[in-house]
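Residues per chain, in single letters:
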Amino acid sequence: MNLKRVSPSESRRAFSGSWKESSFFDPVKDHRPGPVVVLAACGLFLTVVSAVLVLLLQPELRDGQLPRSRSASQGESSRSAFNESYLNAATGQDTTRRRECSSCHPTADDSEAWKSSVLNSRAALSRQAWALKISLPAKCGLCHLVPDPSNLPRQSWREVMSRMDQIMVTRGVQKLSDAEFQDVLHFYFTFSREAPPQLAEDPDPRESPLKFERIVLGNPPGPDSRDHPFLGHVQIADLDQDGRPDVLLSDTGKSAVTWIHRQNKVWREDTLASLPNPAHTQVLAGRRAGALDIVVGCLGTTGPTDDLVGSVRLLVNDGTTHFTPMTILDNVGRVADVEPGDFDGDGDTDFVVAAYGFINQGEVGWLEKQSDETYRYHQIVKKTGAVNALPVDINGDGHLDFIVLFAQEHEEISAFINDGKGGFSERVLFKAATPAFGSSGIQLVDLDKDGDQDILFTNGDNLDLPTIIPRPYHGVQWLENRGNLNFVWHDIYRCYGAYCAVAGDLNNDGHLDIVVTTLFNDWSDPKRATLLWLENDGQQRFLPHSIATRPTHLISAAIADIDGDGRLDIVTCGMYGFPPFDRTGRVTLWRNK
């Protein structure tokens, strides 16, 4: 295999470009096990930044009406929790909640040391004056937006600061002195909440107008009860072209791509290829007529690392569903996504690559096909946290662009506009107001059916800190395409740990509903939904319905009419990188009855 690498300066590309801690699919407690990660950092959300975000978010924030079936008190409870923990700060409102020093420790010490201490002098300052004294933006806003104290509860900020110390060492940035560390930490202690506001309960699955039968698919769990499922992605495709949908799995923990299909009316699972921790698959037209190939983005490890262990593998179908793996890119950061498309307009299939990386590594680039055996890699931008890269001609100029979701410190969605000559320029379409937002996935879909592609978007990642605390600003939203690369943010539904959202007409009323999985939910509450569907009334107002509360930890979903009865069914997979482990499920078919 001849693999050529080209630097940005050599690749003829005009890039106008513009961490968040953690890993992609990290099983350890203080790193995320899913495809995105959040660097919770320290600092004050500046008024000037707030004003910019108001322009990004647009006044249509009011369109995020909470569902009509919930009681007024439930709706108001979730709206209030979302506002208090995120939206108020994002729109420039004052979120100050002051806690006196004496609430944490005694301050009646009359010693000269206490009287002359810096922290004692800070106690008399306003929030704005304290932030100014410690130059908060310079200490905590160089790599990402400075988070507002309302974004996390008081107990989380010590973990945030400790994690920041680690990141600064890894990046070779000068750490804060002990005095500076304590100054910033006590700023957040003083102005954050004791506990996060709570979202209302999820709907009762028994109240859903649609009923779903749960059917276990694939291989049974192994004999070791400690060997928990650790899958990363599920896709539905008719891989053997027999007219019936099959299920394609990225078994990240087992380092395998597997295929669940029907044989003599019985579902069976076969391994197609052993690959280094596959994160995502995409089926595409094969080299042999009538056959389908598979392109796979591989992490190379399930743990956080900046080692260049990521790769892209092409599984070439011989026409009988036997696949030969071919490496078309390696020696990059952990690859989270790869998608096919003709990006240079020469009639063959290229690939866009989202290499998530970790702290110092991460990038977006594309693989230019030069022959059946050779691909030339072009780096577009070196930037950590790329989760999804989805091809689309977003500006209608006839050249294939792509949309990228960046997690880590960026928490933004960008369009990369193709100049038709192999060059791409970046345009930020959305940026969250906090680096703790937890972006987890996007889907391109014409949600309002006006003829253009909107962006369906979840944020629910929550393993950036050792202690997992449900965040009330997690949920589902969409970016409405208004044309000319203008996208307007609309809230849909707030739920803890929302990880994957897929649109489809589940009730056959002509409107696109939404299926949502949750991974980082409040699993201490047995009533929290692991799978929901959001019913569209035709005006993009969504009524939430729970489907199930088990199995928990669902990371990915796909929808299709599996049984041929004219109704869309759902297939989900689970990733169990953190407890509890009492309601596990590897692959599940939810048959729409």
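Residues numbered from 1 in each chain as written. Predicted model: local features only at pLDDT ≥ 70, side-chain atom pairs only at ≥ 80, totals over all residues. Heavy atoms only, no water.

> Could you give an account of helix α8 (residues 178-191), naming the residues involved and the relevant values?
Under the 1.5 Å per step criterion, the end-to-end length of α8 is 20 Å for 14 residues, consistent within 8% with the ideal 20 Å. Of all the 14 residues making up α8, 10 are buried; the element is thus mostly covered by neighbouring parts of the structure. Taken as a whole, α8 has its buried residues at Phe181, Asp183, Val184, Leu185, His186, Phe187, Tyr188, Phe189, Thr190 and Phe191. In this fold, the buried residues of α8 make contact with α4 (118-122), α5 (127-133), α6 (136-140) and α7 (157-170). (Helix = DSSP H or I, 4+ residues; strand = E, 2+ residues; numbered from the N terminus. Expected span 1.5 Å × (residues − 1). Buried < 20%, exposed > 50% of the residue type's maximum accessible area, 1.4 Å probe, protein only. Contact = heavy atoms within 4.5 Å.)

> Before we move on, can you summarise the layout of surface pockets with the specific residues and values?
Within this model, the largest pocket holds a volume of roughly 750 Å³. Lining of the largest pocket is provided by 35 residues; of these, His233, His280, Asn388, Ile442 and Gln443 occupy positions nearest its centre. Among the secondary structure elements, those contributing two or more residues to the lining of the largest pocket are β3 (233-237), β7 (278-285), β11 (335-341), β15 (386-392), β19 (439-445), β20 (454-459), β23 (498-504) and β27 (554-560). It is β19 that contributes the most residues to the lining of the largest pocket, five residues altogether. For the lining of the largest pocket, the class distribution of residues is 21 nonpolar, 12 polar and two charged. Two domains each donate at least three residues to the lining of the largest pocket, and these are domain 2 (202-269 + 461-592) and domain 3 (275-431). (1 Å grid on protein atoms, 1.4 Å probe; cavity = no way out; pocket = protein on both sides within 12 Å on 5 of 7 lines; lining within 4 Å. Points joined across faces, edges and corners; volume = space filled by probe spheres on them. Nonpolar A, V, L, I, M, F, W, Y, C, P; charged D, E, K, R; others polar. Domains from an automatic or database assignment.)

> If you had to explain the nonpolar core to someone new, which residues and values would you point to?
Counting 50 residues, the largest nonpolar core has Tyr86, Ile403, Ile413 and Ile455 as the members making the most contacts within it. Sorting elements by how many residues they give to this core places α8 first, with seven residues. With sequence-adjacent residues up to four places away left out, isoleucine 455 is seen in contact with Ile403, Ile413, Leu429, Ile442, Gln443, Leu444, Gln477, Trp478, Leu479 and Phe487. In terms of nonpolar packing, the next biggest core, distinct from the first, is built from 23 residues, Leu217, Leu231, Ile555 and Ala558 among them. (Core = buried A, V, L, I, M, F, W, Y, C linked by side-chain atoms within 4.5 Å.)

> Quick one: what's the story with the packing of aromatic side chains, residue by residue and with numbers?
Aromatic ring pairs are reported here in terms of the distance separating the ring centres and the angle at which the planes meet. In the structure shown here, the tally under the stated rule is 23 aromatic pairs. Ring centres 6.4 Å apart and planes at 5° place the aromatic pair phenylalanine 437 and tyrosine 473 in the stacked group. In this pair, phenylalanine 437 sits in the loop between β18 (424-431) and β19 while tyrosine 473 sits in the loop between β20 and β21 (475-481), placing the two residues 36 residues apart along the sequence. The exposure class assigned to tyrosine 473 is buried, which follows from its relative accessible area of 0%. An aromatic cluster is built from Phe82, Tyr86, Phe430, Phe437, Phe457, Tyr473 and Trp489, whose rings are joined through pairwise contacts. Across from the ring centre of phenylalanine 406, 4.2 Å away, lies the NZ or CZ of lysine 383, which sits over that ring. When the ring centre of phenylalanine 82 is taken as reference, the NZ or CZ atom of arginine 494 above it lies at 4.4 Å. (Phe/Tyr/Trp six-rings, centres within 6.5 Å; stacked < 30°, edge-to-face > 60°. Lys NZ or Arg CZ within 6 Å of the ring centre and 35° of its normal.)

> Explain α7 residue by residue, including any values.
Taking 1.5 Å of rise per residue, 14 residues should cover 20 Å, and α7 covers 20 Å from first to last C-alpha, within 8% of that figure. The set of residues buried in α7 consists of Trp157, Glu159, Val160, Met161, Arg163, Met164, Asp165, Ile167 and Met168. For α7, the secondary structure elements touched by its buried residues are α8. Backbone geometry just after α7 places glycine 172 at a positive phi near 75°.

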